[in-house]
Amino acid sequence: MSVEHEEQFEPTPYVVAIITYIGYVMLAVFGHMRDFLRNHGFEKNLIATEPARTKDFVPLYQNFESFYTRNLYRRIRDCWNRPIRTCPGAEFELIDRKSPDHGWSFEYPGTHTRAINFGSYNYLGFAETDGPCADAAAAATETFGCGVGSPRAEAGNLDLHTRLEATVAEFVGAEDAIIFPMGFATNALNMPALIGKGCCVLSDELNHSSLVLGARLTGAKIKVFRHNDIADVEAKLRDAIVYGQDRTRRPFKKILIVVEGVYSMEGSVTRLPELIALKKKYKAYLYLDEAHSIGAMGPHGRGVVDYFGCDPRDVDVLMGTFTKSFGGAGGYIAGSQHLVALLRQRSHSGLYGASLPAPVAAQVVTAFQMLMGRAGPPGEGARRLKQLEVNTQYFRASLHRLGVIVYGHRTSPVVPVMIFMPGKIAAFGRETLKRGLGTVVVGYPATPIIESRARFCLSAAHSLDIIDRSVQIIDEVTSLLLMKYSRRPPPAWTAGITREWAEAQLKLVDQQRRPHGAANGGPVPRRPVECRGDPPDKVADENDAAVKDNLAAVAAAS
Amino acid sequence: MLIFVADADVSWEFSDLIEAIYSAPTYHLVFEGCLILFIVGLLFQHSFLPSKRRGGSGDRLSKAEEDQLIAEWQPEPLVSGDPADEALLASYQRCATSQVGRSVTYSDGRTLVNFATGNFLDFIGEARIRDRALASLRHYGVGSCGPRGFYGTMDVHLHLEEQLAKFYGCEEAVLYSYGFSTIASAIPSYAKRHDIIFADERCCFAIQQGLEASRSKIIRFRHNDTAHLEELLQRQAEHDRRNPKKARVTRKFIVVEGLYVNCGDICPLGELVKLKYKYKVRLFVEESASLGTLGATGRGICEEAGVSVQDVDLIAAGIENALATQGGFVVGTKYVVDHQRLSGLGYCFSASLPPMLAAAASEALTMVDEMRGERTARLKSVSDRLHQRLLAELDNLWSVEGAPMSPIKHLRLHRCTGENSLPALEAACAAAADAGLLLTVARYVAQDLGQPAQPSIRLSVNCNHSDSEIGSLLDFLKSYATGLAKK
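One numbering rule holds for all chains: residues counted from 1, following each sequence as written. The naming scheme follows written order: chains are lettered A onward, ligands numbered 1 onward. It should be noted that, the model being predicted, local features are given only for residues of pLDDT at least 70 and side-chain atom pairs only at 80 or more, the latter also being counted only at that level, while totals for whole chains, interfaces and linings use all residues. Side-chain measures were taken over the full set of non-hydrogen atoms in the model, leaving aside hydrogen atoms and water.

- Chain B appears in an unreviewed UniProt entry as Serine palmitoyltransferase 1 from Macrostomum lignano.
- The Sequence similarities (unreviewed entry) comment attached to chain B in UniProt states, word for word, "Belongs to the class-II pyridoxal-phosphate-dependent aminotransferase family."
- UniProt positions are given in the numbering used here, feature names are shortened, and annotations may be inferred rather than shown by experiment. In the Cofactor (unreviewed entry) part of its UniProt record, chain B is described as follows: "pyridoxal 5'-phosphate".

- The name given to chain A in an unreviewed UniProt entry is serine C-palmitoyltransferase, with Macrostomum lignano as the source organism.
- The UniProt entry for chain A carries this comment under Sequence similarities (unreviewed entry): "Belongs to the class-II pyridoxal-phosphate-dependent aminotransferase family."

## Concerning the nonpolar core
Stage number 1. Residues enter a nonpolar core if they are buried and are Ala, Val, Leu, Ile, Met, Phe, Trp, Tyr or Cys, with the set joined through side-chain atoms within 4.5 Å. For every residue, the accessible area obtained with a 1.4 Å probe (protein chains only) is divided by the maximum for its type, and the residue is called buried under 20%, exposed over 50%, and partly exposed between those limits. Counting 316 residues, the largest nonpolar core has Leu 269 and Trp 398 of chain B as the members making the most contacts within it.
Stage number 2. Helix and strand definitions follow DSSP, with helices as H or I runs of at least four residues and strands as E runs of at least two, each counted in order from the N terminus. Per-element tally for this core: the top contributor is helix α19 (residues 355-371) of chain B, with 11 residues.

## Brief notes about the sheet that holds strand β3 (residues 112-117) of chain A
Residue and element names in this part refer to chain A.
Stage number 1. On the basis of which strands lie adjacent, the open sheet formed by three strands has the order β2-β3-β13 and mixed pairing. Unpaired on one side and paired on the other, β2 (91-95) and β13 (437-438) mark the two borders of the sheet.
Stage number 2. For two strands to be treated as a pair, DSSP must find at least two bridges joining them. Direction of pairing for β2 relative to β3: antiparallel, over a ladder of five bridges. Residue Leu 94 lies in a different strand from β3, and its bridge partner there is Thr 113.

## Things to note about the UniProt feature "domain: Aminotransferase class I/classII large" (unreviewed entry) in chain A
Stage number 1. As annotated in UniProt, the feature "domain: Aminotransferase class I/classII large" (unreviewed entry) corresponds to residues 115-472 of chain A in the numbering used here.
Stage number 2. Counted over residues 115-472 of chain A, helix gives 42% and strand 16%. Its end C-alpha atoms are 14 Å apart.

## Topic: the sheet that holds strand β12 (residues 437-438) of chain B
Stage number 1. An order of β1-β2-β12 (chain B) is seen for the three strands of this open sheet, with the pairing classed as mixed. Unpaired on one side and paired on the other, β1 (103-105) and β12 of chain B mark the two borders of the sheet.

## Quick look at the domain arrangement of chain B
All names here are of chain B.
Stage number 1. Here the bounds of each domain stem from an automatic or database domain assignment. Taken domain by domain, chain B consists of domain 1 (95-115 + 374-485) and domain 2 (127-371).
Stage number 2. Here the C-alpha centre of domain 2 lies 28 Å away from the C-alpha centre of domain 1.
Stage number 3. Here, two residues are considered to be in contact whenever any of their heavy atoms come within 4.5 Å of each other. Facing the 22 residues of domain 1 at the interface are 24 residues of domain 2.
Stage number 4. Summed over both sides, the interface between domain 1 and domain 2 buries roughly 1,700 Å², with carbon and sulfur atoms accounting for 56% of that surface. The quantity reported as buried area is the accessible area (1.4 Å probe) lost by two parts once they are put together, taken as the sum for both.

Encoded structure:
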């Protein structure tokens, strides 16, 4: 199926854009007025200021840097950092906060609010306090304690680490893998081991901050291409090879294309097959960050590689995290044996950072085992994958029918809904919470200034009823806030995606649940999924058929 | 023009203007005309931007030429063909099947006494901490499933931050989810491109990564040499006097470690604070190794040096050593530390610390607080005793680097063989394992500027190491080195 046909990025309506800009202008004008009043003593100044003893030092950060924080962010601070007091499962309990001074400080009155959780990354619902994963984590805590206190390369290696690495490598279909205790550090601390000065990094403009930091720490030349724009990648690639390094004009030693599988702010999916073709044509290397796609995409949950039916060996560096789909923490890099051996010798995290705590490793190993059908109730892994897929499509289709602007790919479990105007960011965050729905709102600087949005993260822990209830809340709130901006009809694929369809799909997978022990996690022969050329509806149907075939193949293989 | 005309009192009438042109001398008109032509000429000139010139019609390559170059280009392999460091890789295969506590059991059945990991206060496997972690696991699950901003903040995180701030007597603490990323994120959230950082030359690699990410100008001073630092500060001050405008916007920092992991000695914090005020430079202290191991009650380098924490602008530490979990924190005034909640990359963009680990850290911190320095004092005395015995009994065989009370000591082989290569030390560690001791060489990546010139075995002392365990370590070191000397 063609990714273009499955993805939606409805352009911002002009009127909305203009009103949004006016909103920011008003906020800026009022911000300056308030600053004036504060500076002249008309208004009480609550800004944290330099302590007296360092008063005559050069200020630690610039005043204008904090204008936005002080005057815009502060007023709606209650929409972020909401503390919770339970496991971040399908529902959670928030600790209520009150601000007596419009966001400068918070007080905790001691009450709590229960809400549906569409904010946490819990794609496969492994954020649990009991069940096989939590039991394994508890057993590991008993045996190993919480800390290790040494890097892997010195004396910090547990047998759990070695087991987890073997499991990850098998799951993603790579020769070997190495694990790290922090997802952010997996990118930031390992890229410098792979490339350095005299190399070139081609980076998607929407890459996560950890990839940007990692690329910067390599000392390589960084070129940024437009989001998911294959033509731009090719142009930049040709340019890099033909014209080489700036000033010296020497050819680059290596070129590394860095992309994410699913982009967490856009809900878009990388164009992997085209990128693999390009990287082969131009002898570049490909670094794929599957933080939001591993476990969440593809018929076996093996990420976008699995979704497109690509060969994992065509991707040079397969990176992913354990936070989002596996209810743990940390990340991995998988690839060829040589690559992993190199990382073991040069990774900053492997040589200097403490190793992954045992309970986390145990949780993640067990989650992988469940997905491969080797642990937990029979067929539980496959059920969760299917549930997430069905939830995602059902939720997205329902939102499209509401008439809000939804970004992203139909199978991407992060679902951005456009808010645009700054005033509505807080209103949406507060109104949804008032009705019992916890979600994330994002504005500048995490998004372009006019493209503020709300973001929903689907989970296999959500039931269809929870989704229906949430859609109803979203319907109410978006009507209230006049957020139904879309001028397009819902995309064609949403037609058949109804509650009945969803129930039928889930029943199907229930029937396919198979006896325990027989399952096989190895590669399953799959029907290749067609990548481009056909009209969307036909492709969608074929894709459905292919996915169904693949599911059947998994069942048959076990 | 119209505006001027309207205000007839002060401006000229249009006719006046014409008249002025007529009355102007010819050379003036010619001169003005030339200037106008020059400006117009400039506007139409080709841009000299190097990127544009490359694309100019002259040297733009044709598609065929480009394809030729592309076909010719041979990149280096992604993974260089350097021979693998087998000894290092072997450490990833040596699997502990028990907790990495005071002793460790390996999959081959051997149980070794641990002199290799940062378990200084022997908190790994402590029942109180374990039970608290288990209770937390059954309440929150393992992962926090999000960054702090997006529902990744649990009440345990808030509680631990409050507790840390109180422990240090500071206004605020910020919790990170990985020790290495703590200082590496904290430095670049303040220091930017045109700022200046004075850093000790032996700073640990996490600090160096922070320095690199800040893109500031880095000035290294000789290890623990305040005279050298002062000389450099003075030079900078003179430079500032000549450029007062630039100096007013250039932030200056001193970055040091409380207890240097790379050499096992302690920074002269008192003198650094004096320099800080004299030259108006901010002082950042990293104390991953000194938290819990220094100071009368384990409150780290400030307590040890008798310096008020208010005089240090920022303290950052990992909680992976003495507190025996994962993560790190930064403490300081609200003005300083709060800034990181929006600008510390490792804070904003990373999933928060798993709540059970935060709970474990919180319990460990309570224990440090309750013990009132009892284990810290014991650790210091064990370290000191080991140090004295190393000097007294093995002075002719091993050289020891580090402060006597430091739980981290670097051992080198020079004195017996004259040779102190990494393979020789690795062989010593392997032999130690046969003698029931877990030792490790200190590992560094090639680009680490803080690594010592000579490789070493890094000893880490545990406060509960018994005299007999220390004795067997010394016996081993002695017999091994004597054996080498005989060869």
